[in-house]
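Architecture at a glance
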Amino acid sequence: MRETAVTREPSPQTGLTYADYLKIDDGQRYELMEGELFLTPSPGFSHQYIAANIATLLRDYVEKNNLGLILFAPFDVVLADNVVLQPDVLYLSRERFSLLTENCLQGAPDLVVEVLSPASGRRDRLQKSRLYRRYGVREYWVVDPAGETVEVFSASEKGWLLAGVYGPEDSLASPLLPEFAAPGAEIFRRPEGLTV
């Protein structure tokens, strides 16, 4: 892991800021969590394929119902001046379109999907989960490619509430998206004959 970006001089009290983050030009992907910079290695095939499957299922539903838009990483979500994340997939409702700029989302999306990787799983479940909740994400999906499960969490005043756990044999439902039903088999589907 390269440390050149991590050792930059932090701003007083907050650590690194979004302005500092934008100055990093070393070809690596990073996320900024409460002023601390984290290297985000490129995800593997399973991660990317599952994220693409989810993005396609969500996009089909959201566009059909004219609800908003679906974006996917890498795209900066600036939750605060010292918090910049890149969710694997995000849903932004029409009501929040004013947060979108050409370069980033300046605020919380409605729904965030994180597909776990060995390098980032713990961070996705703990640090990022807390930040998404604190800054107003309404629903959070944690996808485990190895276990073939999707945990759907809804925001409440006391934190995240587990709304459901879905596998390949289930139809995933979203409290945030009425009548959305995604076959688990489609989420975890791989091309026929692929051995990766």
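As a reminder, the structure under discussion sits directly above these lines.
Residues numbered from 1 in each chain as written. Predicted model: local features only at pLDDT ≥ 70, side-chain atom pairs only at ≥ 80, totals over all residues. Heavy atoms only, no water.

Considering the overall build of the protein chain
Filter applied, for reference: A run of H or I in DSSP counts as a helix once it spans at least four residues, and a run of E counts as a strand once it spans at least two, with each numbered from the N terminus. The globule rule used here is 2.2 Å times the number of residues to the 0.38 power, and the radius of gyration it is set against is calculated over C-alpha atoms. Relative accessible area decides the class of each residue, using a 1.4 Å probe on protein chains only: under 20% of the type maximum gives buried, over 50% gives exposed, and in between gives partly exposed. Here, residues are in contact when the closest pair of their heavy atoms is within 4.5 Å. The protein chains shown are the only cover counted for residues, whose accessible areas, like all others here, come from Shrake-Rupley with a 1.4 Å probe. Positive residues here are Lys and Arg, negative ones are Asp and Glu, while His and the chain termini are left out of the count. Every charge is mapped onto a representative atom, which is NZ of Lys, CZ of Arg, CG of Asp or CD of Glu.
Along the protein chain, the regular secondary structure elements total four helices and 13 strands. For 196 residues, the compact-globule estimate of 2.2 N^0.38 gives 16 Å, and the protein chain sits close to it at 17 Å. Taking the principal axes of the C-alpha coordinates as reference, the protein chain spans close to 50 × 40 × 30 Å. Taken over 196 residues, the protein chain has a buried fraction of 49%. Residue pairs at least 24 apart in sequence account for 52% of intrachain contacts in the protein chain once pairs closer than 6 positions are excluded. Accessible area of the protein chain: about 10300 Å², with a carbon and sulfur share of 50%. With 19 positive and 28 negative side-chain charges, the protein chain shows a spacing of 3 Å between the two charge centroids.

Concerning the pattern of salt bridges
What counts, and what does not: We define a salt bridge as a side-chain nitrogen of Lys or Arg found within 4 Å of a carboxyl oxygen belonging to Asp or Glu.
Counted by the stated rule, this structure contains nine salt bridges. Between glutamate 31 and lysine 128 there is a salt bridge, with the nearest N and O atoms lying 3.0 Å from each other. On the criterion of sequence distance, the pair formed by glutamate 31 in strand S1 (residues 30-33) and lysine 128 in helix H3 (residues 121-134) is long-range, its members being 97 residues apart. Its relative accessible area of 2% is what places glutamate 31 among the buried residues.

A closer look at the environment of asparagine 65
With respect to the helices, strands and loops of the structure, asparagine 65 is situated in the loop between helix H2 (45-64) and strand S3 (68-72). Overall, asparagine 65 belongs to the partly exposed group, its relative accessible area being 37%. Sequence separation between asparagine 65 and aspartate 26 is 39 residues, and the spatial gap between their C-alpha atoms is 40 Å.

A word on the side chain of serine 154
For serine 154, the position within the fold is in strand S10 (residues 149-156). Those residues in contact with serine 154, other than ones at most four positions away along the chain, are Arg138, Glu139, Gly159, Trp160, Leu161, Ala163 and Pro175.

Thoughts on the side chain of glutamate 31
Operational definition: Under this definition, polar contacts are N or O atom pairs within 3.5 Å; protein pairs additionally need one hydrogen-donor-capable and one acceptor-capable atom, and for neighbouring residues in sequence, both atoms have to be side-chain atoms.
A distance of 3.0 Å separates a polar atom in the side chain of glutamate 31 from a polar atom in the side chain of lysine 128. Glutamate 31 has contacts with Tyr21, Glu36, Leu37, Phe38, Thr40, Val84, Leu85, Gln86, Pro87, Arg123 and Lys128, leaving out every residue within four places of it along the chain.

Digging into the environment of leucine 39
Among the structural elements, leucine 39 can be located in strand S2 (residues 36-39). Sequence separation between leucine 39 and leucine 90 is 51 residues, and the spatial gap between their C-alpha atoms is 20 Å.

Details of the nonpolar core
Where a protein is soluble and globular, its nonpolar side chains tend to be buried together. Applied cut-off: We define the nonpolar core as a collection of buried residues of types Ala, Val, Leu, Ile, Met, Phe, Trp, Tyr and Cys that are connected through side-chain atoms lying within 4.5 Å of one another.
If you look at the biggest cluster of nonpolar residues, it comprises 25 residues, and the most contacted ones within it are Leu58, Trp141 and Leu172. Taken together, the elements giving at least two residues each to this core come down to H2, strand S6 (89-93), strand S8 (111-115), strand S9 (139-144) and S10. Examining the composition of this core, we find that seven residues originate from one element, H2, more than from any other. The next biggest cluster of nonpolar side chains, apart from the first, holds 21 residues, and it includes Met33, Ala80, Val83 and Tyr132.

Re a nonpolar patch on the surface
For clarity, the cut-off: Surface patches are drawn from residues lacking salt bridges whose relative accessible area is over 30%; two like charges belong together within 9 Å, two nonpolar side chains (Val, Leu, Ile, Met, Phe, Trp, Tyr) within 5 Å.
Together, Phe45, Leu194 and Val196 make up an exposed nonpolar region whose accessible area comes to about 260 Å². As for its placement among the helices and strands, leucine 194 is situated in the segment after helix H4 (184-187).

Quick look at the layout of surface pockets
Defined as follows: Only protein atoms enter the 1 Å grid, on which a cavity is a set of points fitting a 1.4 Å probe that cannot get out and a pocket is an open set with protein on both sides within 12 Å along at least 5 of 7 lines, lining residues being those with an atom within 4 Å of a point. Grid points are joined across faces, edges and corners, and a volume is the space filled by probe spheres set on the points. The residue classification treats Ala, Val, Leu, Ile, Met, Phe, Trp, Tyr, Cys and Pro as nonpolar and Asp, Glu, Lys and Arg as charged. All others, Gly included, are polar.
What the largest pocket holds in volume is close to 220 Å³. As for the largest pocket, its lining consists of 18 residues, and the residues nearest its centre are Thr40, Pro41, His47, Ser117 and Ser120. For the lining of the largest pocket, the secondary structure elements donating two or more residues are S8 and H3. When its residues are assigned to classes, the lining of the largest pocket shows five nonpolar, seven polar and six charged. When its volume is computed, the second largest pocket comes out at roughly 160 Å³.

Here's the deal with unusual backbone geometry
Here alanine 73 and proline 74 are connected by a cis peptide whose omega angle stands at 0°. Of note in this structure, asparagine 66 is not a glycine but carries a positive phi near 50°. Take asparagine 66: it is sitting in the loop between H2 and S3.

Function cannot be inferred from these measures alone, as they are strictly geometric.
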